[in-house]
Amino acid sequence: MSKRVIFRIDQGNFEQGFRVSLEIRDCQRNLLAGEVFGTLVPNSEILTNYQQWQEAYYAWGKDENCRWWRRKIDIPPSMNQNYSSSEDSVNRVENAAETFKTTFNSWLSSSLLEDIKWELSQNVKTDEPVTFIVKTDNPALQKLPWDIWSISERYRRFQVALSKKIEPIKGGMSFPVKILVILGSDENIDIKTDWQILQNTLQPGAKLTLLKQPTVAALKEKLRSQPWDIVFFAGHSATNPDVNDARIWLDDQTSLSPQNIKRELQKAVENGLKLAIFNSCDGLGLARQLDNLDIPHIIVMREPVHDRVAQKFLEHFLNNFAKGESLHRAVCEARENLKDEVEDYSPNASWLPVIFQNPEEPPLTYPRSEPPVTIIQDPQPKPSENRGKTQQLAWWGLGALAKLSVGLALISLAFAIDKIIELDKDSTRSQVISLGEQFFTQNSSPEKQAGVKAFAEKKYPVAIANFKASLDQKPNDPEARIYLNNAIAANSKQSVKIAVSVPIGNNQPIAEEILRGVAFVQEEINRDNGINGLPLQVAIANDNNEPDLVKKVASNFVKDPSILAVVGHNASVASVAAAPIYKEGKLIMVSPTSFANQLQEPAYVFRMVPQITFFAAQLSKGLGEEIRNTKVAVCLDEVSPDQKSFRSEFRYVVSAYGGQIIDIPCTLAEPSFNPMTVVEEIRKNKANSLLVAPYVDNLRKASEIFKVVREHQLPVKLYGSPTLYNDKTMEWGGKAVEGLTLSVPYFPDAKEKDAFRSLWKAELNTWRSPLASDATRAIATALQQLLLEHNPTRDKLDNILRSANFKVKGITGEFKFNSSTGEREFLFQKQRSDALIRVENRQFVKSE
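Structural notes, computed from the coordinates. Keep in mind it's a predicted model, so treat the numbers as computed, not measured.

## Here's the deal with the sheet that holds strand S11 (residues 255-256)
Logical step 1: Taking strand neighbours across the sheet as the criterion, the three strands line up as S9-S10-S11 in an open arrangement whose pairing is antiparallel. Looking at strand neighbours, the two that pair on one side only are strand S9 (237-239) and S11, the edges of this open sheet.
Logical step 2: Note: S9 against strand S10 (residues 246-249), three bridges, orientation antiparallel. Residue pairing in the sheet places Ala238 in a bridge with Arg247 of S10.

## Comments concerning the packing of helix H15 (residues 508-527) against helix H23 (residues 750-760)
Logical step 1: For the pair H15 and H23, the least separation of the axes is 12 Å and the interaxial angle reads 85°. By the angle class used here, H15 and H23 are roughly perpendicular. In contact with Arg516, Ala519, Phe520 and Glu523 of H15, H23 contributes Phe756, Leu759 and Trp760.
Logical step 2: Residue composition of the contact of H15 with H23, grouped by class: five nonpolar, no polar and two charged.

## Examining the pattern of salt bridges
Logical step 1: Applying the stated rule across the entire model yields 30 salt bridges.
Logical step 2: The residue Lys178 makes a salt bridge to Asp229 at a minimum N-O spacing of 3.7 Å. With Lys178 in strand S6 (residues 177-183) and Asp229 in the loop between helix H6 (216-225) and strand S8 (230-234), this pair connects stretches of sequence that are 51 residues apart.
Logical step 3: A relative accessible area of 22% places Lys178 in the partly exposed class.
Logical step 4: The partner of Glu840 in a salt bridge is Arg838, and the shortest N-O contact between them spans 2.7 Å.
Logical step 5: A cluster of three or more residues bridged by salt bridges with shared partners is formed by Glu23, Arg25 and Lys468.

## A word on the packing of helix H16 (residues 547-559) against helix H17 (residues 572-585)
Logical step 1: It is the contact of H16 with H17, at a shortest axis distance of 9 Å, that shows an interaxial angle of 25°. Judged by the angle between their axes, H16 and H17 are roughly parallel. Regarding H16 and H17, the two cross each other, and that crossing is right-handed. The residues of H17 that touch H16, namely those facing Pro547, Val550, Lys551, Ala554, Ser555, Phe557 and Val558, are Val573, Ala574, Ala577, Ala578, Ile581, Tyr582 and Gly585.
Logical step 2: Across the contact of H16 with H17, the residue classes break down as 11 nonpolar, two polar and one charged.

## Here's the deal with helix H3 (residues 114-123)
Logical step 1: Inspection of H3 places Ile116, Glu119, Leu120 and Asn123 among the buried residues, and these make up the whole buried set. On an axial view of H3, the arc spanned by its buried residues comes to 100°, and they lie on one face. Turned more than 90 degrees away from the buried face of H3 sit Glu114 and Trp118, all of them exposed.

## Points about the pairing of strand S26 (residues 717-720)
Logical step 1: Inspection of the sheet shows strand S25 (residues 689-693) paired to S26 by four bridges, in the parallel sense. Note that in S26 the partner of Leu690 across the bridge is Leu718.
Logical step 2: In terms of handedness, the path from S25 via helix H21 (residues 699-711) over to S26 forms a crossover that is right-handed.
Logical step 3: For S26 and strand S27 (residues 741-744), the ladder comprises two bridges, and the chain directions are parallel. Within the sheet, the bridge partner assigned to Tyr719 lies in S27 and is Thr741.
Logical step 4: With helix H22 (residues 727-733) bridging S26 and its parallel neighbour S27, the resulting β-α-β unit is right-handed.

## Concerning the packing of aromatic side chains
Logical step 1: Applying the stated criterion across every chain, the model contains 30 aromatic pairs.
Logical step 2: Measuring from centroid to centroid gives 5.8 Å for Phe313 and Phe317, while their planes differ by 5°, and the two rings are stacked. With Phe313 and Phe317 both in helix H9 (residues 307-322) and four residues apart, the pair spans about one turn of that helix. In terms of burial, Phe313 and Phe317 fall into one category: buried.
Logical step 3: Both rings, one in Phe467 and one in Tyr483, keep their centres 5.9 Å apart while their planes meet at 50°; by these two values the pair is tilted. Of this pair, Phe467 sits in helix H13 (residues 460-473) while Tyr483 sits in helix H14 (residues 478-490), and the two are 16 residues apart along the sequence.
Logical step 4: We classify Phe467 as buried; its relative accessible area is 0%.
Logical step 5: For Tyr483, a relative accessible area of 0% translates into the label buried.

Rules of the game
- Residues numbered from 1 in each chain as written.
- Predicted model: local features only at pLDDT ≥ 70, side-chain atom pairs only at ≥ 80, totals over all residues.
- Heavy atoms only, no water.
- Pairing = 2+ DSSP bridges.
- Helix = DSSP H or I, 4+ residues; strand = E, 2+ residues; numbered from the N terminus.
- Axes fitted to C-alpha atoms, helices over the stretch in contact; angles between N-to-C directions.
- Parallel < 35°, antiparallel > 145°, perpendicular 65-115°, else oblique.
- Contact = heavy atoms within 4.5 Å.
- Nonpolar A, V, L, I, M, F, W, Y, C, P; charged D, E, K, R; others polar.
- Salt bridge = Lys/Arg side-chain N within 4 Å of Asp/Glu carboxyl O.
- Buried < 20%, exposed > 50% of the residue type's maximum accessible area, 1.4 Å probe, protein only.
- Left-handed = near helix turned anticlockwise from the far one by under 90°.
- Arc of directions from axis to C-beta.
- Right-handed = clockwise from strand over helix to strand, strands pointing away.
- Phe/Tyr/Trp six-rings, centres within 6.5 Å; stacked < 30°, edge-to-face > 60°.

Below, the structure written as structure tokens:
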């Protein structure tokens, strides 16, 4: 039975090392073991030695006795070109290759991969076929020939492929196999032989359609006009030095990038395209771009390739593939043939062929008759993983032992962790609180739904695989990321659990901003060995910012001894309702987003933002300094207690600057509310500025106000409360919000925006995510101290957080909490993160 090993390499670099993980599946995608982790240690010599091999290889390729180029560019200028074309050029390449191979395997041998190697030895036999998929989006790692890893010597049928992301399964080929053959520029190369090999090897049983040096229009038409199983290209190609672009030459003058035919290729995938083969030079850039278009399998050449090497590879690959070998096995056999037949005159030819693929795809085979219907079953965990103890209650409580990473002592903690306390049947917990058993967000992917189902059934490896698949499709989903980390943590015997409460049922965008901040810190903590060696789990609760529901959620948190702290709530009306319950239950809450002046408690209640009056004063001061004879119309949504405080402070400061306030009735949640009311009041009172301060659930109505004001071309400057700093303001407001000025508690710098973009593949246009991150970081920092105590109980967290010696290094700066009010305070005044920002060219920028 064939096995599939997915070796995932996460963020990192050769100077600091890489975090890696490994999972093993059988041929039906069933997980054979839980995910294991390791580290690739720093080693800057890897890239240096590989480039030295490249330089020798490129110099050999320029030798007039070789004439191997299937490419259209010169040697990159960064490479050493001072090699002679003497007869020892082959030896130079071989010596450089041996040096690289030694360094490469020494690096992997010295890395922290013991758990990974052990898992391989226990689950993969030496004589069974195994596909080893290296999953990474790092171009330098993709460049390396992973086939030469010495671990492959243990397995006689070891095959390597590369992958960037997981996509839904596309399935097998049709019969007869429909192949589009594109023969491009043949300047100084022989590609007619490629066509002959295709004809001789694949017919009968295949329908080959030839396009010889087609125009771009002809190629586009052919790609979209009919279904294809395979697209084959032979000719000149190259990857640009910046690795972000690659091109093929259709003729001696015309070249194009896969991005130029993106729509046509996407259409081809929709119509059944399963395999793209580029038997041409330097194709990694092509593979990266094609992988983004979700082509299930791609074969390219890693470096420039000799005519005879390309043809020998094609001949051996197709012979094996057409005879029934899987795609991976056929490529592996072809590599072995290259070693035996051509490496005497073309050094390291077996390094060149590369497979890019979706790791979820089953082994691809060439149909020799009409294929039967294949049913791919959901992956199942090993029998040993189903412990059959669904009612077991595991404690790391009194008498239980928890191993601390700092190696100090074994401690006991009086909290139940594995099982949440049983509540009455009329409890709302099953509807509003989840570690991964249910999803709250709309438009959840099938993979996410499958992950939730598996989590509920305690099939954690299955849940992990599905949540990863869902994130590969939608990396901006924080609920799936939290559930993924929870599932990974569930494989541990012990964990630390906190909760986050958000209005995900009726305000998903705002809820997800908060969840992204929590998920960011959870993932970072668990990647770095958890909290004192224990992974962090996060329960998500939906409270809809509704006071009655909030009280039920808070009561359930208090009753559950496994929940050590709460990040939340969102709106001030929610936090004010919950605060007395947490205070009485001696469970800390840290709100990242609530501004109400009423939210000041001497115990168990903390928050990350100043009182709302601070922002009212900041905004009104900025307005007063910017506009003479200020006459500001105020549309303030008085749903939440913080809004009244905002109005009072704003009025006071504007008056101090000699300005005038025009109050407009604005209950935005009322169906009868009409934005024209605002327009009429501005006209009647000749206002020169407009302040809109909506409740968090009424952001769309606020955008409608801005639109109507701009449609009527009123000459007013626009201002808003911190609530409006998010993507939806620009999405819903469009051009109408251009010039809008806001007072916000935090505005991220370029470095933080890059980090956010790297994880979430989206732009950071909110203060909620960073402050939720810092709220979670504060709790984690306090838990580190708590777990070192002799008798740690969650009520002691309040004293830790209010201690004069407690401090947190957060995204927004280094801070502590005021011992009397529970408000965040910066250790240094210059670290203040609040700012006035405005919308400029559809972006939020800091006001000067």
